[in-house]
Amino acid sequence: MNKVAIIMGSTSDLPVMQDAVDILKEFNIEVEIDIVSAHRTPDKLFDYGKNAHTRGISVIIAGAGGAAHLPGMIASLSPLPVIGVPVKSSNSIDGWDSVLSILQMPGGVPVATVALNGAKNAGILAAQILGASDKAVLDRIIAYKEELKIKVEAASKELNK
């Protein structure tokens, strides 16, 4: 079973992270959502990171703003692929603190990082990771990309009328 976990440091990240939830549901991929704060619930963070793979999770998407430690800490604890979503939060320095905190991981602790507030791309990337070994998911990704192409071609035609 393919299941993607979407975690974030607080509910204030949910408006951004909802894009990942929505696109994964569009691909018919099961989603688990939770609040796991690297700073306020460290025991939960350690348990989540160490045990997600035993609960059927295949990929973890972790969104965080400000100091943005959640994706890296989860990646340090889990054998699963982790996709970090930097969130431009109210305590953020234009989001750059979040981007750099997630992007600049030390060797041996990779975190795939998407654009600032790029949760939709995180969801698509998680689906592509799953699609590498699940033909049904791969077929849905192929269809999705074809739809993107058709939309752009239609927009181009409309523009050139």
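Everything here concerns the structure above.
A brief look at the structure comes next.

Calculation rules
- Residues numbered from 1 in each chain as written.
- Predicted model: local features only at pLDDT ≥ 70, side-chain atom pairs only at ≥ 80, totals over all residues.
- Heavy atoms only, no water.
- Pairing = 2+ DSSP bridges.
- Helix = DSSP H or I, 4+ residues; strand = E, 2+ residues; numbered from the N terminus.
- Contact = heavy atoms within 4.5 Å.
- Axes fitted to C-alpha atoms, helices over the stretch in contact; angles between N-to-C directions.
- Patch = residues over 30% accessible without salt bridge, like charges linked within 9 Å, V, L, I, M, F, W, Y side chains within 5 Å.
- Areas by Shrake-Rupley, 256 points an atom, 1.4 Å probe, with all protein chains shown as cover.
- Salt bridge = Lys/Arg side-chain N within 4 Å of Asp/Glu carboxyl O.
- Buried < 20%, exposed > 50% of the residue type's maximum accessible area, 1.4 Å probe, protein only.
- Left-handed = near helix turned anticlockwise from the far one by under 90°.
- Nonpolar A, V, L, I, M, F, W, Y, C, P; charged D, E, K, R; others polar.
- Expected span 1.5 Å × (residues − 1).
- Phe/Tyr/Trp six-rings, centres within 6.5 Å; stacked < 30°, edge-to-face > 60°.

**Details of the sheet that holds strand β3 (residues 59–65)**
Logical step 1: The strand order across the open sheet formed by five strands is β2-β1-β3-β4-β5, and the pairing between neighbours is parallel. Strand pairing shows two members of the sheet lacking a second neighbour, β2 (30–35) and β5 (112–113), which therefore form its edges.
Logical step 2: Note that β3 and strand β4 (residues 82–87) share six bridges and pair parallel. Bridge pairing in β4 places G63 opposite V85.
Logical step 3: In the packing of helix α1 (residues 14–26) onto the sheet, the strands contacted are β1 (3–8), β2, β3 and β4, and the crossing angle to β1 comes to about 175°.
Logical step 4: Packing of helix α4 (residues 96–103) onto the sheet brings it into contact with β3, β4 and β5, and relative to β4 it is tilted by some 165°.

**Examining a nonpolar patch on the surface**
Logical step 1: A contiguous nonpolar patch, built from W96, L100 and L103 and spanning about 340 Å² of accessible area, is present on the exposed surface.
Logical step 2: Within the fold, L100 resides in helix α4.

**A closer look at helix α3 (residues 70–77)**
Logical step 1: Burial runs high along α3: six of the eight residues are buried.
Logical step 2: Contacts made by the buried residues of α3 are with β1, α2 (42–51), β3, β4 and α4.

**Some points on the packing of α1 against helix α5 (residues 119–131)**
Logical step 1: Remark: α1 packs on α5, axes separated minimally by 7 Å, with the N-to-C direction vectors making an angle of 35°. You can see that α1 and α5 cross each other, and the crossing is right-handed. Residues V16, M17, D19, A20, I23 and L24 of α1 touch α5, and the partners they reach there are A119, K120, G123, I124, A126 and A127.
Logical step 2: For the contact of α1 with α5, the per-class residue count stands at nine nonpolar, one polar and two charged.

**Some points on α5**
One full turn of an α-helix is made of 3.6 residues, so residues set three or four places apart face in the same direction.
Logical step 1: Between its first and last C-alpha, α5 extends 18 Å over 13 residues, near the 18 Å set by a 1.5 Å rise per residue.
Logical step 2: Among all positions in α5, only A119, A122, G123, I124, A126, A127, L130 and G131 are buried.

**Thoughts on the packing of aromatic side chains**
Each aromatic ring pair is characterised by the separation of its centres together with the angle its planes make.
Logical step 1: Applying the stated criterion across every chain yields a total of one aromatic pair.
Logical step 2: A centroid spacing of 5.3 Å and a plane angle of 75° characterise the contact between F27 and Y144, whose relative ring orientation is edge-to-face. Highlighted residues: F27 in the loop between α1 and β2 and Y144 in helix α6 (residues 135–159), separated in sequence by 117 residues. Like Y144, F27 is buried.

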